[in-house]
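Structure assessment
Spelled out, the chains give:
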Amino acid sequence: MNKQTLKKQKLALIVGGLIASTSTVYAETDFGKFSADFRLRYEGVDQANAKKNADALTLRTLLNFKTKEYNGFSGMIEVEDSRALIDDYNDTLGNNPDYSVVADPETTELDQLYVQYVQDGFKAKLGRQVIVMDNHRFVGHVGWRQDKQTFDAFSFGAGQDKWKFDYSYINQRNRIFADEKDIESNDHLVNASYKTEFGKFTGYGYLLEVDNAINNALDTWGIRYAGGFESVLLQAEFAQQDYENDTTEYSTEYMMLEAGYKFSKVTAKIGFEILGTDSGEYGFQTPLATLHKFNGWSDQFLSTPDVGLQDFYVSVAGKVWGGKWLLAYHDFKADETHAEFDNYGSELNAQYARKLTSYLSGGIKYANYSAGDEGTGKVDTDKLWLWLQAKF
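Residues numbered from 1 in each chain as written. Predicted model: local features only at pLDDT ≥ 70, side-chain atom pairs only at ≥ 80, totals over all residues. Heavy atoms only, no water.

1. Digging into unusual backbone geometry
With a phi angle near 55°, asparagine 96 is a residue other than glycine that sits in the positive phi range. Along the chain, asparagine 96 turns up in the loop between strand 3 (73-88) and strand 4 (107-119). Of note, the phi angle at alanine 213 is positive, near 65°, even though the residue is not glycine. Checked against the element boundaries, alanine 213 lands in the loop between strand 9 (199-208) and strand 10 (216-229). Assessed through its relative accessible area of 83%, alanine 213 is described here as exposed. (Helix = DSSP H or I, 4+ residues; strand = E, 2+ residues; numbered from the N terminus. Buried < 20%, exposed > 50% of the residue type's maximum accessible area, 1.4 Å probe, protein only.)

Right, dumping it as structure tokens:
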């Protein structure tokens, strides 16, 4: 029996198992609740370079147990596994380097393990955990990838009525590339917000440092507004970032303005995001972010170019046939014009997703990136995703 036949048999068994599992409800005991999440996903990548086209079919399995609360205390353990059924792709760990990248390496990990205390608006958590700040632009879980991002951390938060304050200390970043690329760190995250009738105002400070005995402070301070009135949606954000290592110091800024309007069945948005630069030598960075959510789904700008980035975007989204659809367009330029290039190209994104049963959902997603000036080092890229997910 050849390799391709075995893969087809595996796929048939897995799809059948996912569909059958939708008749099974999570198990609840006197001590807590078990739950499971299976996501089968195809990702194809076609780039206009010497790399072979990538084809990845991966299955992510997420199993967790949450204890019941006792005098304010509770805990959680979560295990995550990702398996490749079709592995014609560069997994970022040195396998198949002649293929385009799909950042879903095979891995089995302890994804979360924490104990927490919750009482009267106060919450404290110790252990491996998910941490998300605001809209994921600076701190997120990267849940789109099959190995999501978590942190070994101590965190606490307090809030009453309209006020909320959160603090986290992180000593390890458990990234999306399996255990091999996790990073020890000394990160401090501070986020405080206040809600008004016009929206939420937030101030934050994210002080990051990789724990490698080298001076590498990355400090970001910012303010954010998210709200609007009636059918109008508004967002605005500004941040200042200072980076310092043993030999250099850089300072740059971030700005985002977005406006939207909710029609009867469609929501339209227009926005402008600037990740600034310090004289074309250093671009504003957000290493803890859910980066796939921003600057196009083809992931061309997971690291901001030294010349910075300007992203002008528009999107429309709505509901049809029991599901949700979204179309978006991005136009990219350097924040500081280089002698050889300025245009970083454009990208079109499209997605449709819907629930199929109470426990089963699926979707299709597409990204088309058209490269700009040759000196940017970017190439035309097409990415396609198809997925089926069962949660119970």
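2. Side note on the pairing of strand 5 (residues 122-129)
Where strand 4 lies against strand 5, seven bridges are found, and the strand directions are antiparallel. Bridge assignment links valine 118 to a residue of strand 5, and that residue is lysine 123. In sequence, strand 4 turns back onto strand 5 through a hairpin of two residues, with aspartate 120 there showing a positive phi of about 50°. Bridge analysis of strand 5 against strand 6 (residues 150-160) gives eight bridges, and the strand direction is antiparallel. Across the sheet, the residue bridging to phenylalanine 122 is alanine 158, located in strand 6. (Pairing = 2+ DSSP bridges.)

3. Quick look at the UniProt feature "domain: Alginate export" (unreviewed entry) in the protein chain
The sites that carry the UniProt feature "domain: Alginate export" (unreviewed entry) are, in the present numbering, residues 34-269. Between the first and last C-alpha atoms of residues 34-269 the distance is 39 Å; the span itself is 0% helix and 67% strand. (UniProt positions renumbered as here; feature names shortened; annotations may be inferred.)

4. A closer look at the environment of tryptophan 321
You can see tryptophan 321 is positioned in the loop between strand 14 (309-320) and strand 15 (323-333). Sequence separation between tryptophan 321 and phenylalanine 151 is 170 residues; the distance between their C-alpha atoms is 38 Å. In contact with tryptophan 321, other than residues within four places in its own chain, are Tyr352 and Arg354. (Contact = heavy atoms within 4.5 Å.)

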